[in-house]
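Each chain is listed here by its residues.
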Amino acid sequence: MSLSGALSSAISALSAQSANIAMISDNIANSSTVGYKTTTASFESLVSSSGSATTYASGGVNTLSSSNISTQGLLTTTTSATDMGIQGNGFFPVTTSLTGGSTEYTRNGSFSIDSSGYLTSSGGAYLLGWRTDAEGNVVGNASSDTLVPIDTSVAQTSGSATTKTTVAANLPADAATGATFTSSISLYDSLGTANSMQVTWTKTATNSWSASFANPTLASDSTSTTGTASGSIDITFNSDGSLASTTPSPATVAITGWTDGATDSSITMNLGTIGGTNGLTQYSSGATTPAVDLTSIESDGLAFGKLSSIAVGDNGNVNATYSNGKTIAIYKVPVATFTAEDQLSADSGGLYKATAASGTAVLQTSGTNGAGTIYGGELEASTTDTNTEFSSMISAQQAYSAASQVITAVNKMFDTLISSMR
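Trainee: Just to check I follow, could you spell out the overall build of the protein for this structure?
Mentor: A tally of regular secondary structure across the protein gives two helices and 33 strands. For the protein, the C-alpha radius of gyration of 37 Å lies well beyond 22 Å, the compact-globule estimate for 422 residues. Projected onto its principal axes, the C-alpha positions of the protein cover 135 × 40 × 35 Å. A burial count over the protein gives 38% of its 422 residues as buried. Taking contacts inside the protein between residues at least 6 apart in sequence as the whole, the part at least 24 apart equals 63%. Entry remark: accessible area of the protein is about 20,600 Å², with carbon and sulfur atoms responsible for 49%.

What follows is the structure, given as C-alpha cells:
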C-alpha cells in the first residue's frame with residue numbers, strides 16, 4: 001500500500017466523520033423542533049482499484065445520509081386551538097404563496113391565523129384544505145384541484161333562514177266546528193333576524209281542520225310586521241285520530257317582502273307521518289273548554305352571530321364558533337400520503353417536496369385508506385433522542401481522532417523516507 005493511498009483514505013475518513021458530526025449536530029439542534037425527523041449517517045467503502053494477494057489498494061469511505069421521515073414522533077397536547085398533529089402516515093399540504101406558490105408538505109402542525117385570516121405555519125406557508133358545508137362534508141370533489149388556502153375570514157358571520165318547522169300537537173276532537181286556536185312559531189330570515197309568526201288552527205268539520213298564518217313580526221316587538229305570509233293548510237284526520245292527509249302536501253307557507261331585505265322564505269311544515277301518532281293528532285281533550293295540547297314547535301334556522309373563535313377538531317375539521325353559540329365546520333384538512341415518504345426532499349421550515357423517488361401525493365381524509373388520523377390541539381414532537389445522538393457523537397469523535405492519527409503516522413513515514421534519501 002502506498003503512503004499516498006493511506007493518506008487519501010485517512011482524509012476520506014475525516015470528511016466522512018465531519019459529515020456524520022454535521023448530521024448529529026442538526027439532530028441535536030432540532031431536538032425541540034415540532035415535527036422534525038432525524039437524519040442518520042451511513043457509510044460505504046470505496047475501492048480505488050483492484051488489489052491482489054500481494055498488494056493492497058486503499059480506497060477510503062463515503063458517507064450517505066438517511067432520512068427517517070416516516071418515523072412517528074410523540075403527540076403532545078398544546079393550548080393552541082389551531083395546532084394539530086398526525087398519528088400515522090401522511091403530511092399536511094401547504095403552499096408557499098397564495099398565488100403561484102408550490103405545494104409542499106409538512107408534519108409540523110403548528111399553525112396560526114395571520115392578519116388576513118389565513119392559517120399559516122411559522123415559516124409563512126399557507127395550510128391547504130377543502131371547503132365544507134356546515135356538517136363537515138366536502139363541497140364538490142375532494143381532490144388536489146379543489147384544495148385552497150384555508151381562509152377563516154370567509155366565516156366572519158353566521159345566520160340562516162328557517163326552512164322547516166316541526167309541529168307536535170293534539171287538536172281537540174271535541175271542539176265545536178268553527179272553533180279557533182292559536183300558536184306561535186319562532187323563525188329566522190336569511191339575514192338571521194329573529195321573528196315570530198302566529199298560526200291559527202280552525203276546526204272546519206268533523207275530522208277536518210285548517211291552519212292559516214299571520215304576517216310575521218319581530219320577535220322583540222310584536223307590533224312591528226316584518227313580512228307577508230301566504231298559504232294555508234287543510235288537514236284531515238282518520239277516525240282513529242291519526243293524521244290522514246294535508247293539502248298541499250308537503251304543507252308549506254311562504255313569506256315575501258322581508259322588511260330588512262332578506263331573501264323570500266319557503267317553510268315546510270312537518271306535521272307528522274300520514275297515519276302515524278307523532279306530529280299532529282286529533283283526540284278528545286276531555287276538558288270543559290277544549291284546547292290545543294301543544295307538545296312542541298321547533299324550527300331550524302339561526303340567529304345572526306359574529307365569529308368568536310376558530311379551532312381544529314379531530315379528523316381535520318376546521319370549526320368556526322359564533323357569538324350565537326353555533327359551531328360549524330368551514331374546511332377539512334386532508335392528509336397527503338406517499339409511496340416512499342423517506343424519499344421526499346427536505347426544505348427549510350420543516351417542509352418537504354415530492355420527488356420522483358417518493359411518488360406523487362395522494363390526498364385522503366383523516367384516518368381513511370391508510371392515511372394517518374389528525375388530532376386537534378396536539379403537536380408531534382421531534383424524533384431526536386439526545387441520548388442516542390450523544391453516543392453517536394462520541395463514536396464519530398473517536399473515529400475522527402483515529403483518522404487524524406493515521407495522517408500523523410503517514411507524515412512521520414514521509415519524514416523517514418525523505419531522511420533516508422539525504
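Let us keep going from here.
Trainee: Sorry, what's going on with the packing of aromatic side chains here?
Mentor: Centre-to-centre distance and the angle between the planes together describe a pair of aromatic rings. Tallied over the full model, the rule gives six aromatic pairs. Consider the rings of F91 and F338, whose centres lie 5.8 Å apart with planes at 75°: the pair is edge-to-face. In this pair, F91 is assigned in the loop between β4 (84-87) and β5 (92-95) and F338 in the loop between β28 (335-337) and β29 (345-347), connecting sequence segments 247 residues apart. Accessibility classification places F91 together with F338 in one group, the buried group. Ring geometry for Y118 and Y126: centres 5.6 Å apart, planes at 85°, overall edge-to-face. Among the residues examined, Y118 registers a relative accessible area of 18% and is labelled buried. Using a relative accessible area of 17% as the deciding quantity, one classes Y126 as buried. These aromatic residues form a ring-pair network of at least three members: F91, Y105, F338 and Y352. One cation-aromatic arrangement involves R131 over Y331; the distance from NZ or CZ to the ring centre is 5.0 Å.

Trainee: Teacher, can you tell me more about a nonpolar patch on the surface here?
Mentor: Together, F414, L417, I418 and M421 line one region of the surface with nonpolar side chains, adding up to about 390 Å² of accessible area. Along the chain, F414 turns up in helix α2 (residues 386-420). Overall, F414 belongs to the partly exposed group, its relative accessible area being 31%.

Trainee: What's the story with α2 in this structure? I'm lost.
Mentor: Note that an α-helix has 3.6 residues per turn; residues three or four places apart therefore point the same way. End to end, α2 covers 51 Å across 35 residues, agreeing with the expected 51 Å (1.5 Å per residue, within 8%). For α2, every residue scored as buried is listed here: E389, A396, A403 and V410. By the N-cap criterion, in which a side-chain oxygen at the helix start approaches the backbone nitrogen of a residue two or three places on, α2 is capped by D385, the distance to N387 being 3.1 Å.

Trainee: Any chance you could explain the pattern of salt bridges here in plain terms?
Mentor: Opposite charge on two side chains permits pairing when their charged atoms draw close. Evaluation of the coordinates by the stated rule reveals three salt bridges. With a shortest N-O distance of 2.8 Å, E380 and R107 are connected by a salt bridge. A residue pair is termed long-range when its members are at least 10 positions apart, and E380 in strand β33 (residues 378-380) and R107 in the loop between β6 (103-106) and β7 (111-113) qualify at 273 residues. The residues E380 and R107 share a single accessibility class, namely buried. Three or more residues joined by partner-sharing salt bridges are found here, namely K37, R107 and E380.

Trainee: Help me out: how do you make sense of the side chain of Q364 in this one?
Mentor: Examined against the element boundaries, Q364 turns out to sit in strand β31 (residues 362-364). Once you skip the residues sitting within four places of it in the chain, Q364 turns out to touch W130, P334, V335, T337, N369 and A371.

Trainee: Can you help me understand the side chain of T281 in this one?
Mentor: Here T281 lies in strand β23 (residues 280-281). For T281, a relative accessible area of 6% puts it in the buried group. Those residues in contact with T281 that lie beyond four places of it in its chain are A169, N170, L171, F237 and G241.

Trainee: Would you explain the pairing of strand β25 (residues 302-312) in this entry?
Mentor: Within a regular beta strand, the side chains point alternately toward one face of the sheet and then the other, so they alternate between its two faces. One ladder, built from three bridges, connects strand β11 (residues 157-160) with β25; its direction is antiparallel. Each residue of the ladder has a partner; that of S160, found in β25, is L302. Bridging between β25 and strand β26 (residues 317-322) involves five bridges; their strand directions are antiparallel. Bridging across to β26, I310 finds its partner in A320. Here β25 hands over to β26 after four residues, with N315 in that stretch at a positive phi of 70°.

Trainee: What should I look at first to understand unusual backbone geometry in this one?
Mentor: What you tend to see is this: most non-glycine residues have negative phi, and most peptide bonds are trans. Going from T247 to P248, the amide bond is cis rather than trans, its omega being 0°. Tracing the backbone through its elements, the reader meets P248 in the loop between β20 (243-247) and β21 (251-256). Note the cis peptide between S249 and P250, where omega equals 5°. When you line up the elements, P250 lands in the loop between β20 and β21. Although it is not a glycine, N207 adopts a positive phi angle of roughly 65°. Assignment of secondary structure puts N207 in the loop between β14 (194-205) and β15 (208-213).

Trainee: Please clarify how the nonpolar core should be interpreted in this entry.
Mentor: Within soluble globular proteins, side chains that are nonpolar generally end up buried alongside one another. Counting 28 residues, the largest nonpolar core has W201, F213, I235, M269 and L271 as its most contacted members. For this core, the elements supplying multiple residues, two or more each, are β12 (164-170), β13 (180-188), β14, β15, β19 (232-237), β21 and β22 (265-270). In this structure, I86, F111, L119 and A155 belong to the second largest nonpolar core, which totals 23 residues.

Reading the values: rules and limits
- Residues numbered from 1 in each chain as written.
- Predicted model: local features only at pLDDT ≥ 70, side-chain atom pairs only at ≥ 80, totals over all residues.
- Heavy atoms only, no water.
- Helix = DSSP H or I, 4+ residues; strand = E, 2+ residues; numbered from the N terminus.
- Rg over C-alpha atoms; globule rule 2.2 N^0.38 Å.
- Buried < 20%, exposed > 50% of the residue type's maximum accessible area, 1.4 Å probe, protein only.
- Contact = heavy atoms within 4.5 Å.
- Areas by Shrake-Rupley, 256 points an atom, 1.4 Å probe, with all protein chains shown as cover.
- Phe/Tyr/Trp six-rings, centres within 6.5 Å; stacked < 30°, edge-to-face > 60°.
- Lys NZ or Arg CZ within 6 Å of the ring centre and 35° of its normal.
- Patch = residues over 30% accessible without salt bridge, like charges linked within 9 Å, V, L, I, M, F, W, Y side chains within 5 Å.
- Salt bridge = Lys/Arg side-chain N within 4 Å of Asp/Glu carboxyl O.
- Expected span 1.5 Å × (residues − 1).
- Polar contact = N/O pair within 3.5 Å; in protein donor to acceptor, adjacent residues only side chain to side chain.
- Pairing = 2+ DSSP bridges.
- Core = buried A, V, L, I, M, F, W, Y, C linked by side-chain atoms within 4.5 Å.

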